[in-house]
Amino acid sequence: MGRVSRRAFAAAALSAVTMMTTTSAVPGRPTPGPAGAAGGGGAAAGEMRGVWLATVANRDWPSRAGLSAAAQRAELIAHLDTAVRNRLNTVILQVRPTADALWPSPYEPWSACLTGTQGTDPGWDPLGTAVTEAHARGLELHAWFNPYRIAAHTDPARLAARHPARENPGWVVPYGGKLYYNPGLPEVRAFVEDAMLDAVRRYPVDAVHFDDYFYPYPVAGQTFDDDAAYDAHGGAFPDRAAWRRDNIDRLVRETAARIKEIRPGTLFGISPFGVWRNAGTDPLGSDTRAGVQTYDDLHADTRRWVRENWIDYICPQLYWNIGFAAADYAKLLPWWSAVVEDSGTRLYVGEALYKAGDPAQPAAWQDPAELSRHLTLATSYPQARGHVFFAAREASADPTGAMARVVADHYGGSAPSPA
C-alpha cells in the first residue's frame, strides 16, 4: 500500500476523529509482583506482550524488496531477537499482506515484498523459518492475514500472471484506488478461507490473526460496487448493511470452526479499529466521537464476535492518547473491558508505539512515558490481559525510548506464553 502499513486507513479515520474534535520475551518463571505493575515484576500467566511485524509495502520487514534470502532471514532473526530483548512473548507476523503469501502456497503467488516481483520464489520459506525460530526463542508466532485486500492499485495486469484475481475478475471490486475481493460472494469467502488456512495446515502457528480490514474504510465520494452480489445473495436481509455484516460474520464463524478442525489448540484473534460504535449512535457504544465506526463503516460487528465467543482474543487498536477528546484511551479501555466481561474472549490492547515522538501527533505523544501510562492504567482493568505494539520497526529503533520505558516500568521479568 505505497509506503504505508495497514494503519493507513486507520490514520484516515483518526484524521476524521480529529476533525470532529476541532469542529465540534522468553518463557520462564515469573518474578514476584503484579503483572504490568509500575517498576514491574514478571508477567502473570496469560499476559500478552506482543509486537506486530508488518510486511505490506516492506513496512517493517524485509527492509526492502530484493534482498538475498540470507539477508532477509538475518533481518527476520534480528526482529525476533529484539522481541526477546524487550521481554515480549509474541510476534504477529503478516504473512498474507495483499492476497499473496510468505510461504509456498498452492493458492496464491509469493509476495512481492520479498523479491520485488509477485510470484517469484524467494529461495526460502519465510513463514516456516519464522515459526521455527520464534519457538526456539520461546516466542509465540501468530500468523497475520488480511482477508480481502488484493492490491494498492487498480490495475489487475500488474498482478502475477496466475493470480486468482486475474483468473476470476468477477471476484474483484476496485475502490479508493485499490483492489479488493468482494466479501459478498460465497465463492470468494470459501477461497480466502482456503488460502489462509493452508498456512495453518502446514505450520504449527500459535494463532490466526486478522487485522482491521473487512469491508474497506470509506472513501468520500466513492461507492463499493457490490450491487450484483447483493441482488444475488441479499434478499433475506432488511438492507445492504445487514447483509454485509452477515458476510463478515460468516467469515469469522467459518474461519474459527475450520481452525479447530485443522489444528486444534490454535487460537483465532482479531485486531479491529478501536471504536465499535459511538454512544451517540448506539447506547451500547463507547463515549467517543470517532469518524469511523466498525459496525457501520467496515460492517464488522466486533462486539458481537466477543459476546458470542466466536474468537479467542480481540486486540482493538486503541491508538489514541489518554485525554484525547474524541477517542480517549482512558474511556475506550474500560468500555472494551466491559465488553469482554463474562465472555470467553481475551482482551489484549493494541498500542500505537509508532506515534511516540512523531511531531505530527498531539503533545501527549511527545512524552516517552505516554505508552507506559497506558500499561499502568490497564492494571486497574483485570480484563485487559496484555498489550501488542505497532510495530516492529519502532520496537527496534525506539527513537524516543518509549519502548524502553515500557520495558523498564512494566516488563521486569520474562513472560510466559499468553496461551
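Residues numbered from 1 in each chain as written. Predicted model: local features only at pLDDT ≥ 70, side-chain atom pairs only at ≥ 80, totals over all residues. Heavy atoms only, no water.

A. Quick look at the overall build of the protein chain. Scanning the protein chain from N- to C-terminus turns up 14 helices and 11 strands. In the protein chain, which comprises 419 residues, the proportion classed as buried is 59%. Summing over all exposed atoms, the protein chain offers an accessible surface of approximately 15,000 Å²; the carbon and sulfur share of this is 52%. (Helix = DSSP H or I, 4+ residues; strand = E, 2+ residues; numbered from the N terminus. Buried < 20%, exposed > 50% of the residue type's maximum accessible area, 1.4 Å probe, protein only. Areas by Shrake-Rupley, 256 points an atom, 1.4 Å probe, with all protein chains shown as cover.)

B. Layout of the pairing of strand β11 (residues 384-389). The buried fraction of β11 is high, at five of six residues. Examined bridge by bridge, strand β1 (residues 48-53) and β11 share four bridges and lie parallel to one another. Of the residues in β11, the one forming a bridge with V51 is F389. Inspection of the sheet shows strand β10 (residues 346-351) paired to β11 by four bridges, in the parallel sense. When the bridges of β11 are listed, V349 appears paired with H387. (Pairing = 2+ DSSP bridges.)

C. Main features of helix α6 (residues 186-202). If you check α6, its first and last C-alpha atoms are 25 Å apart, about what 17 residues at 1.5 Å a residue would give, namely 24 Å. Roughly 30° is the biggest bend found in α6, and it falls at M196. Within α6, the full set of buried residues consists of V188, R189, F191, V192, E193, A195, M196, L197, D198, A199 and V200. (Expected span 1.5 Å × (residues − 1). Bend = angle between axes of the 7 residues up to and from the residue.)

D. Looking closely at the packing of α6 against helix α8 (residues 240-262). Contact pair α6 / α8: the axes reach a minimum separation of 10 Å and the direction vectors enclose 30°. The pairing of α6 with α8 is recorded here as roughly parallel in orientation. Two packed elements cross with a definite hand, and for α6 against α8 that hand is right-handed. Of the residues in α8, those in contact with R189, A190, V192, E193, D194, M196, L197, V200 and R201 of α6 are N247, R250, L251, E254, T255, R258, I259 and I262. Looking at the contact of α6 with α8 residue by residue, the classes come out as eight nonpolar, two polar and seven charged. (Axes fitted to C-alpha atoms, helices over the stretch in contact; angles between N-to-C directions. Parallel < 35°, antiparallel > 145°, perpendicular 65-115°, else oblique. Left-handed = near helix turned anticlockwise from the far one by under 90°. Contact = heavy atoms within 4.5 Å. Nonpolar A, V, L, I, M, F, W, Y, C, P; charged D, E, K, R; others polar.)

E. Quick peek at helix α4 (residues 126-136). Of all 11 residues making up α4, eight are buried, and the element is well covered by its neighbours. Turning to α4, its buried residues are P126, L127, G128, T129, A130, V131, E133 and A134. Tucked into the core, α4 has its buried residues touching α2 (69-85), β2 (90-96), α3 (112-115), β3 (140-145) and α6. If you check the start of α4, you find a side-chain oxygen 3.4 Å away from the backbone N of L127, and it comes from D125. Looking at the residues trailing α4, positive phi occurs at G138, about 75°. (Polar contact = N/O pair within 3.5 Å; in protein donor to acceptor, adjacent residues only side chain to side chain.)

F. Expanded view of the sheet that holds strand β5 (residues 172-175). The strand order β4-β6-β5 describes an open sheet built from three strands, whose pairing is antiparallel. Unpaired on one side and paired on the other, β4 (149-151) and β5 mark the two borders of the sheet. Averaged over all neighbouring strand pairs, the angle between strand axes comes to 35°, with direction disregarded. With two bridges joining them, β4 and strand β6 (residues 178-181) adopt antiparallel strand pairing. Paired with R149 across the strands is Y180, a residue of β6.

G. Structural detail: the pattern of salt bridges. Under the counting rule described, the total for this entry stands at 25 salt bridges. Put simply, E167 and R162 hold a salt bridge, and the shortest N to O gap is 2.5 Å. Accessibility expressed as a relative area gives 43% for E167, which makes it partly exposed. A salt bridge links D367 to R373; the shortest N-O distance between them is 3.0 Å. We classify D367 as partly exposed; its relative accessible area is 30%. (Salt bridge = Lys/Arg side-chain N within 4 Å of Asp/Glu carboxyl O.)

Taken by themselves, the reported measurements are silent on function.
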